[in-house]
Amino acid sequence: MRKSILHPQLEELKVTDEQRQKFDSWLAAELMDAKAARTALEALWRELVRQYDAVPRTPFRNTPIENASNVEIPLGAIAVDSIYAQMIDLIYTISQPITIRHKHKDFVQRAKAMQAWVDLLVHEINLRPASEHSIFDTAQLGTGFYYVPFVESFVKNKTHKVVRRGPEIISMLPDDVLMWGGVFNDVQDCRGLSLRFYLTLDDLHTAAKHRKWDITHAKPCANGDWIRQRRERLSRVSGDLQRNNDIYEVHDIYVRYDIDEDGYDEDLLVNFDATGQCSLRVRYCPYDERPVSKMCYQIRSHMPYGIGVMEMISPLQNVTTDLHNHQVDNVAMANMRMYKSRYGAIKGGTINIWSGRNLEMANPEDLMEMKLSDIYPSLERTQGQVTQLAERRTGANELTQPNQNQTFGNRTPAATATSLLQQANRRFTPAFDAVRLGTAGAVRQAILRVAERIRAGDLDYEQHLLRTLGETNATQVIDCLKDEFFDHSIGIHVTASSNAINKDADRQNAVTLANLLAPYYEKMLQLVTTVSNPMAPPEVRSTALKIAAATSELIDRIIRTFEQFKDPEIFVVDPSDEIEQAQESADAQNMMQLAVMSGMMGGEPGMGGGMPPQGGGDQSAPSSPMPDATQV
């Protein structure tokens, strides 16, 4: 099965050949400068990948003895694996990792329909496999990227058959993403963003047919990326880059440039061949936002790439590796012996030693044992100190410390244990929040890709939604996606909010909130009942309205302190309308009672308020001006 990326179709960009050549020259220079500026960082990444795989820096060590110990201690790998496992557990322990929340109570039904769709979408967009690689890049090298295009998967047997159409999340290697044009943290702000792909000649022909690429001047690349080659060499797996005569280095570049020379920079999407230094296609950028989501483990202030666990721990791993090898060599040398003797005392000058051998000599004192080294316990203590520094730098306590159950013991109070756990978890809050927001941003980009297709009139995808969601939910989702500002009415969140929150904590917080709201609802119901009484004085009703408003505001502020509840307005009851209706009903009832009593007591003279005469008689006769006692 093959895949083809489909970008939304916009008006074609019309430029002259001279403008095109000028733009290609400028873009080639910018791309070359961006690669050169990242040379030092890529060299660091190569070293970090080597340290993670625990491959020794040199193949052999012959100092201080021949075939000396040459073991790379994977101190950084231990910390990376621990933190990576926590991140994956944080997101995917909960059955539905993505939550759609409404931002206003008028959009409750819309958010519910979107939630039903996203629950199915996360299994279609390759979220879990992509996030596993990007989250690992974030922990290991400091920066992870998601690329979210709209992909058409097809097979070509006798006929061309489309198997699937929809958004897909692709994990991009950090070394395949170039950012330039300013020190910006956000991929949306930098002047140029380049995504590098290595394509075969068949891929180019497919793109030329379906994506209108001009591949006339495309040239195969001489060799692949250094980081990619290093990964393949360390993993002992050779990839397609070994076939250099059939591999092309193509960049999808999102750049701002005044290509038509009208004084304003255009947002462009350029497919650029780095070897031939020519653009394969230039068009207006078809997206309101670049389809890339980024996350950093530890930010570098105002810099695009972050700091990973391996970079934090790299100097300490080098020290630990050297100390460990020295300790092993020290033990080996302490158990070795050399010998010294007089000239001619030993025939041949060498001694072969084995257990039980008797070495006959005229004078045994001519041969003396010489000790090479003693055991130095300070080496082990120094290794422990360095490892403790590594723990403090990264926050990972799996390097030397025991697990938390052994640390706390059986008699540790629950409050104390919870406080210690939360204190340890705060160390990872920025990194885990970056992963959470970056993953939610990737899902948001996938939803945007569908929204772009829906607004472009893609009836096939609308039919897909109707088949998978049913008419009611599909109609709500389609109406939501057709709104260009749909993300103003709903929010997309990763369900896990922080490292301190898990299923049990979520459940306990929900129970706590339920216990808080139960008496609140009961009191509000009593308040409405009291105000609904027609005999309640106006002062009581006015005070009830003030109490209701103040209580609702207090409950709203309390709910906002719960991390997992982002929509407090859905839980807050505002009885103002009901109280006003009760007051109007009570006023109407009082007026009716007054009217009835006035009719029973008789009206004022000339007002016709008296009751009609009872019994027979002339009904047309005028009534007496003053009622007598019998009439009363």
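Residues numbered from 1 in each chain as written. Predicted model: local features only at pLDDT ≥ 70, side-chain atom pairs only at ≥ 80, totals over all residues. Heavy atoms only, no water.

### Considering the pattern of salt bridges
Proximity of charged atoms lets side chains of opposite charge pair with each other. Scanning all chains against the criterion turns up 19 salt bridges. Where R436 meets D433, a salt bridge forms, and the shortest distance between an N and an O atom there is 3.3 Å. Taken together, the positions of R436 and D433, both in helix α12 (residues 429-455) and three residues apart, correspond to about one turn of that helix. Its relative accessible area of 14% is what places R436 among the buried residues. The structure contains a network of salt bridges with shared partners spanning K35, D176, R196 and E249. (Salt bridge = Lys/Arg side-chain N within 4 Å of Asp/Glu carboxyl O. Helix = DSSP H or I, 4+ residues; strand = E, 2+ residues; numbered from the N terminus. Buried < 20%, exposed > 50% of the residue type's maximum accessible area, 1.4 Å probe, protein only.)

### Points about the confidence of the model for the protein
Of all residues in the protein, 83% have pLDDT values of 70 or greater, and the mean over the chain is 80. Here residues 417-424 scores under 50 on pLDDT; set against residues more than four positions off or in separate chains, the count is five contacts. (pLDDT = per-residue confidence, 0-100. Contact = heavy atoms within 4.5 Å.)

### Points about the environment of P64
Topologically, P64 is positioned in the loop between α2 (39-52) and α3 (75-92). The exposure class of P64 is partly exposed, given its relative accessible area of 49%. Along the backbone, P64 and D329 are 265 residues apart, and their C-alpha atoms lie at a distance of 7.7 Å. If near-sequence neighbours (up to four positions away) are discounted, P64 is found in contact with D329 and M333.

### Description of α12
Here α12 is 27 residues long and its end C-alpha atoms lie 38 Å apart, about the 39 Å a rise of 1.5 Å per residue gives. Counting buried positions over the 27 residues of α12 gives 19, a clear majority of the element. (Expected span 1.5 Å × (residues − 1).)

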